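# Descriptive structure summary
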Amino acid sequence: MSKNLNDSALSTQHLALNNMAEITYAQAIAQALREEMKRDPNVVMWGEDIVNYNKGGSPYGVYRGLPQEFPDRIFDTPIAEEGIIGIAIGAAMGGMRPIAEIMTVNFTLVAWDQIVNHAAKQAHMFNGQMKVPMVIRTPNGFGRTGSTHSQNFDAWFASIPGLKVVVPSSPADAKGLLKSAIRDDDPVVYLEHLALYHRVKGVVPDGEHLTPIGVADYKRRGKDLTIVTWGRMAVESLKAADTLAKEGIELEIVDLRTLRPMDLSLALESVHKTHRVIVVEEGWRVGGLGGEIAASMQEQAFNDLDAPIARVAGLDVPMPYAENLERATLPFAEDVVMACKAMMANKY
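The notes below deal with the structure included here. Since this is a predicted model, take the numbers as computed values, not measurements.

## Focus: the nonpolar core
Core analysis: the biggest nonpolar cluster contains 48 residues, and Ile85, Met134, Phe157, Ile293 and Met297 have the highest contact counts within it. Leaving out residues up to four positions away in the same chain, Phe157 has contacts with Val105, Thr108, Trp112, Ile115, Leu163, Val165, Val189 and Leu191. Ranked by size, the runner-up nonpolar core spans 35 residues in total, among them Ala26, Ala28, Leu177 and Leu196.

Listed below in structure tokens is the structure:
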């Protein structure tokens, strides 16, 4: 995506935000689902407890009222993730645009074969004659639910050719990326974050608001150091930027928004100005996506770097249940602040 097209899209988005009320990340997702189901009768949804749990709010209260509005197109399923994904693949190949909700990203492990060997590969195995236009919606990341339920699989999904992977950090992007994902002819993994649902608010345009898949975004402009990040860590990086600004350090924050296909154009543009970059992710450091991003930037922007690329990531341990220990394994704004101060203090 060219810089001019990206700037044009952002300008249009900013104009559309004038005079809009703030809503939560979860409400933005609900808006996108409602609008797309009204627009296209082929959009259907199914998952565990999405109709009857708490009168249709789902376990996270994401789309209360939608099952009543679309009773013949939203369905509860048994606890059978492989079946949820398998049925969605078949429906997509048959002309529908299914949205398969998996209650947490951890349960995608049960359907890994369906996702990796079927959804991601059909179009390529049949030379594009067979499309799989489906969305896998699932909450990602921690939530005080222990080591088997508080995991981040960003890097896993992003490593699979044939999938598109989007990770919104703001309500506007949550709506815009979901609408784009539903309309896409490829399988899209839409990774939400448990910590953002009801804690993050922002202005979101009504109606035809689409965030393009595969286009990064500047979430903050600065001159001293580039942060490349996505999802929850974009929110934490903005908090870190506010703290550091009081000390005269101006961060430039690039939100990738899409992990596959990944747009590094803004990150490369930014580091040409700041000459320093830190990649910030929630997931495990070993095998994490930060390593891939750092390597790609080193290859393409070596002459722009005045310091080694640094990374902030989660600890390489199974997630503890105790709240204090859970927090100790995860990166937050203060960790970004520490990494930035260390980079700025070193004279290379």
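After that view, the rundown keeps rolling.
## Comments concerning the packing of helix H10 (residues 265-274) against helix H11 (residues 289-301)
Close contact between H10 and H11 brings their axes to 11 Å; oriented N to C, the two are set at 60 degrees. In terms of axis orientation, H10 runs oblique to H11. Where H10 crosses over H11, the two elements pack in a sense that is right-handed. On the side of H10, the interface is formed by Ala267, Leu268 and Val271, while H11 contributes Met297, Gln300 and Ala301. In the contact of H10 with H11, the residues fall into 5 nonpolar, 1 polar and no charged.

## Things to note about helix H5 (residues 112-119)
Restricting attention to buried positions, one finds in H5 the residues Gln114, Ile115, Val116 and Ala119. Tucked inside the fold, the buried residues of H5 contact helix H4 (81-93), helix H6 (122-125), strand S5 (135-140) and helix H7 (154-158).

## So, the sheet that holds strand S9 (residues 217-220)
The strand order S9-S11-S10-S13-S14 describes an open sheet built from 5 strands, whose pairing is mixed. Either end of the sheet is taken by a strand with one partner, and the two such strands are S9 and strand S14 (310-314). Direction aside, neighbouring strands of the sheet carry axes that sit 25 degrees apart on average. The pairing of strand S10 (residues 225-229) with strand S11 (residues 251-255) spans 5 bridges and is classified as parallel. Paired with Val228 across the strands is Val254, a residue of S11. Helix-sheet contacts for helix H9 (residues 232-245) involve S9, S10, S11 and strand S13 (277-284), and the interaxial angle to S11 is about 170 degrees.

## Details of the sheet that holds strand S6 (residues 164-166)
Spatially, 7 strands are ordered S3-S2-S4-S5-S7-S6-S12 in an open sheet, and the strand pairing comes out mixed. Only two strands of the sheet have a single partner each, and these edge strands are strand S3 (74-76) and strand S12 (258-260). Going from strand to strand, the sheet's axes swing by 20 degrees on average, the running direction of each strand aside.

## A short note on helix H13 (residues 333-345)
In this model H13 runs 18 Å from its N-terminal to its C-terminal C-alpha over 13 residues, within 8% of the 18 Å that 1.5 Å per residue would give. Residues Ala333, Val336, Val337, Ala339, Cys340 and Met343 constitute the buried set of H13. All buried residues of H13 fall inside an arc of 170 degrees around its axis, so they share one side. The outward face of H13, more than 90 degrees from its buried face, is lined by the exposed residues Met338 and Ala345. As for H13, its buried residues are in contact with S10, H9, S11, S13 and S14.

## Quick notes on the pattern of salt bridges
Counted under the stated rule, the structure contains 28 salt bridges. The salt bridge partner of Glu192 is Arg137, with a shortest N-O separation of 2.5 Å. Taken together, the residues span a long stretch of sequence, with Glu192 in strand S7 (residues 188-193) and Arg137 in strand S5 at a distance of 55 residues. Accessibility expressed as a relative area gives 2% for Arg137, which makes it buried. With its nearest N and O atoms 2.8 Å apart, the salt bridge here joins Lys219 to Asp217. Taking the relative accessible area as the measure of exposure, Lys219 reaches 23% and is therefore partly exposed. Judged by its relative accessible area of 6%, Asp217 is buried. One continuous salt-bridge network, built from bridges that share partners, spans Glu35, Glu36, Arg39, Lys175, Lys179, Arg183 and Glu208.

What counts as what
Residues numbered from 1 in each chain as written. Predicted model: local features only at pLDDT ≥ 70, side-chain atom pairs only at ≥ 80, totals over all residues. Heavy atoms only, no water. Core = buried A, V, L, I, M, F, W, Y, C linked by side-chain atoms within 4.5 Å. Buried < 20%, exposed > 50% of the residue type's maximum accessible area, 1.4 Å probe, protein only. Contact = heavy atoms within 4.5 Å. Axes fitted to C-alpha atoms, helices over the stretch in contact; angles between N-to-C directions. Helix = DSSP H or I, 4+ residues; strand = E, 2+ residues; numbered from the N terminus. Parallel < 35°, antiparallel > 145°, perpendicular 65-115°, else oblique. Left-handed = near helix turned anticlockwise from the far one by under 90°. Nonpolar A, V, L, I, M, F, W, Y, C, P; charged D, E, K, R; others polar. Pairing = 2+ DSSP bridges. Expected span 1.5 Å × (residues − 1). Arc of directions from axis to C-beta. Salt bridge = Lys/Arg side-chain N within 4 Å of Asp/Glu carboxyl O.

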